[in-house]
Amino acid sequence: MIDLREYGLTPAMAAQNDTGEPARVTAVLRERYELITANGAAFGRLKGGVYYDVNPEIYPTVGDFVTLRENDEMMVGDRIIIRTLPRFSLFVRRASNDRARSQYQKAVHEQAVAANFDICFIVTSMNRDLNMARLERYLSQAWQSGAIPVVVLTKADLFDDFMLTAETVKAAARGVEVVAVSAVTGLGMDAVRAIMKPGTTAVLLGSSGVGKSSLVNALSDGDVMRVNAIREDDARGRHTTTHRQMIRLPWGAMIIDTPGMRELGMWDADEGLDMTFPDVEETLARGCRFFDCSHEREPGCAIRAAIQSGELTEERWQSYINLQKETKFAQDKAAYLRAKTKRFKEISKASARRDWNV
Ligand SMILES: Nc1nc2c(ncn2[C@@H]2O[C@H](COP(=O)(O)OP(=O)(O)OP(=O)(O)O)[C@@H](O)[C@H]2O)c(=O)[nH]1
Ligand SMILES: [Mg+2]
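Rules and cut-offs
Per chain, residues are indexed from 1 in the order of the written sequence. Chain A is the first chain written and ligand 1 is the first ligand written, with later ones labelled in order. Residue-level local features of this predicted model are given only where pLDDT is at least 70; pairs of side-chain atoms are given and counted only at 80 or more, and the full residue set underlies all totals for whole chains, interfaces and linings. The side-chain figures draw on all heavy atoms in the structure; neither hydrogens nor water molecules are used. Per the convention used, a helix needs a DSSP run of H or I reaching at least four residues, while a strand needs a run of E reaching at least two, with both numbered from the N terminus. Between buried and exposed lies partly exposed: a residue is buried under 20% and exposed over 50% of the maximum accessible area for its type, with that area taken using a 1.4 Å probe on protein chains only. Whether two residues are in contact is decided by their heavy atoms: any pair within 4.5 Å suffices. Computed with the Shrake-Rupley method and a 1.4 Å probe, the accessible areas treat only the protein chains shown as cover for residues. By convention in these notes, a residue is near a molecule or strand provided one of its non-hydrogen atoms lies within 4 Å of it. For this analysis, a polar contact is any N or O atom pair within 3.5 Å, provided that within protein one partner can donate a hydrogen and the other can accept it, and provided that sequence-adjacent residues contribute only side-chain to side-chain pairs. Each residue gets one of three labels, nonpolar for Ala, Val, Leu, Ile, Met, Phe, Trp, Tyr, Cys and Pro, charged for Asp, Glu, Lys and Arg, and polar for the others, Gly among them. Along the arc lie the directions from the helix axis toward the C-beta atoms. Put simply, buried Ala, Val, Leu, Ile, Met, Phe, Trp, Tyr and Cys residues joined by side-chain atoms within 4.5 Å make one nonpolar core. Source of the domain bounds: an automatic or database domain assignment. Take a side-chain nitrogen of Lys or Arg and a carboxyl oxygen of Asp or Glu: if they are within 4 Å of each other, that pair is a salt bridge.

S.K.: Lay out the overall build of the protein chain with the relevant residues and their values.
M.R.: Assigned secondary structure in the protein chain consists of 13 helices and 13 strands. Expressed as a percentage of the 358 residues in the protein chain, the buried residues total 50%. Once local pairs closer than 6 in sequence are excluded, the contacts in the protein chain between residues at least 24 apart make up 70%. With the model as given, the accessible surface of the protein chain reaches about 17,600 Å², and the carbon-plus-sulfur share is 51%.

Here's what the structure looks like:
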């Protein structure tokens, strides 16, 4: 028997599972779901009447906890998934065109990238893939997902000045941990391991070819993901990983590898914004003379003053504006942080005590 706590199931999630047997989705195939159940790996299919109904269940994605119908056909063949349990974090790619919107259910299904991860690794190489404005967007999206973002700078063995790059990124990504790694020399692997506590889940996000799968392999006992050579000179990747896959690492943390995306669609990055730009938020909070200040040329403008004194750079202000344009910027940050603290407390309690059953 497998203890699903080792796959991240917490007492609170188990309590949601009123009927049936819990399982976790490790990969989504075309119509089938690869699962880990108390009895080991299995395949599952969605129960028709529940998932395609007027008021359908949310389609599972990688990392989702689901409920299986009990005793179906003595477990011969595919298991039947009857419910998707509530998620504590989710990465969704925004519906980018009208076609996707008109096929709403399909869009919802396809754009839920991963669910129930505690850490979001934003992976970027230090070559031409490194782009500060984009990194800020990724960070904002990561906060929005409900997870804690961490920036991973890959291929440190190829860059003599990786320490300097890491410092620059740290300065831009305030309050976010930044680690430089090399899958070749093993540099930074201990730092990554320390971030990924047993029972927690991390998702890897980043462009194709930055080394996400290589990182998974370096953290695993053997090669679990396929890796292909890329041309470093033009930083072009080859889209080696073709589907999202959750893997359990030797010390009991889970990692979700994803296929690289050239540029992530702009996700719903509302509340993530002020977590990524605490300096801008602080300046704004000081207040301008005019309450409707456009921060352009009005006298007594806090933003302009901060830029003039060098406290804030024009560039950073512009990134903030650009991101704000793309988002609605609202929502309840306090609630977000409360939920986060609760989740971490729960995980540590669950691993300290083993007096509950799933
Ligand atoms: N020198 C060096 N090369 C690396 C490192 N990590 C990955 N690579 C190389 O980078 C290339 C791409 O690595 P992958 O791990 O396949 O990249 P990926 O992010 O998984 O790419 P997709 O699956 O397409 O999204 C391969 O040639 C790797 O050998 C590293 O730390 N150092
Ligand atoms: Mg890959």
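S.K.: Lay out the site of ligand 1 in plain terms, naming residues and giving numbers.
M.R.: Surrounding ligand 1, one finds 23 residues, the nearest of these being Ala-183, Ser-208, Ser-214, Thr-241 and Gly-260. One of the backbone nitrogen or oxygen atoms of Ala-183 is found 2.7 Å away from an oxygen atom of ligand 1. In the environment of ligand 1, an oxygen atom lies 2.9 Å from a nitrogen or oxygen atom belonging to the backbone of Gly-209. In the complex, 89% of the free accessible area of ligand 1, which totals 650 Å², lies under the protein chains. Of the residues belonging to the shell around ligand 1, the class tally is 8 nonpolar, 12 polar and 3 charged.

S.K.: Would you mind going over helix H10 (residues 278-286) in detail, with residue names and values included?
M.R.: Given 3.6 residues to a turn, an α-helix orients residues that are three or four positions apart in the same direction. Taken residue by residue, H10 has Asp-279, Val-280 and Thr-283 as its buried positions. For H10, the angular spread of buried residues about the axis comes to 100°, placing them on one side. Among the exposed residues of H10, those oriented more than 90 degrees off its buried face are Glu-282 and Ala-285. In the segment just after H10, Gly-287 is the residue with positive phi, at about 90°.

S.K.: If you had to explain helix H8 (residues 212-219) to someone new, which residues and values would you point to?
M.R.: Within H8, 6 of the 8 residues are buried, which leaves the element mostly enclosed by the surrounding structure. Of the positions making up H8, those classed as buried are Lys-212, Ser-213, Leu-215, Val-216, Asn-217 and Leu-219. At its buried positions, H8 is contacted by strand S8 (119-125), strand S9 (148-154), helix H7 (189-195), strand S11 (201-205), strand S12 (245-248) and strand S13 (254-257).

S.K.: Could you give an account of the nonpolar core, with specific residues and numbers?
M.R.: With 49 residues, the main nonpolar core has Tyr-33, Leu-35, Ile-81, Cys-120 and Val-151 as its most contacted residues. Here this core takes 5 residues from helix H5 (residues 132-145), the largest share from any one element. Both domains that furnish three or more residues to this core are identified here as domain 1 (4-86) and domain 2 (110-257). Judged by nonpolar contacts, the second largest core, of 22 residues, contains Val-150, Val-152, Val-179 and Val-192.

S.K.: Give a detailed account of the pattern of salt bridges, specifying residues and quantitative values.
M.R.: Taken as a whole and judged by the stated rule, the model has 12 salt bridges. With a shortest N-O distance of 2.7 Å, Asp-3 and Arg-5 are connected by a salt bridge. When its relative accessible area of 15% is taken as the criterion, Arg-5 is described as buried. Here Asp-64 and Arg-87 are joined by a salt bridge, their closest N and O atoms 2.6 Å apart. Taken as a pair, Asp-64 in the loop between helix H2 (48-51) and strand S4 (65-68) and Arg-87 in the loop between strand S5 (79-84) and strand S6 (90-92) lie far apart in primary sequence, 23 residues in all.

S.K.: Could you give me a rundown of the environment of Met-189, with the residues and numbers involved?
M.R.: In this fold, Met-189 is placed in helix H7. Between the C-alpha atoms of Met-189 and Val-179, which are 10 residues apart in sequence, the distance is 9.1 Å. In this view, Met-189 contacts Val-181, Ser-182, Ala-183, Leu-215, Ala-218 and Leu-219; residues no more than four positions away in its chain are not counted.

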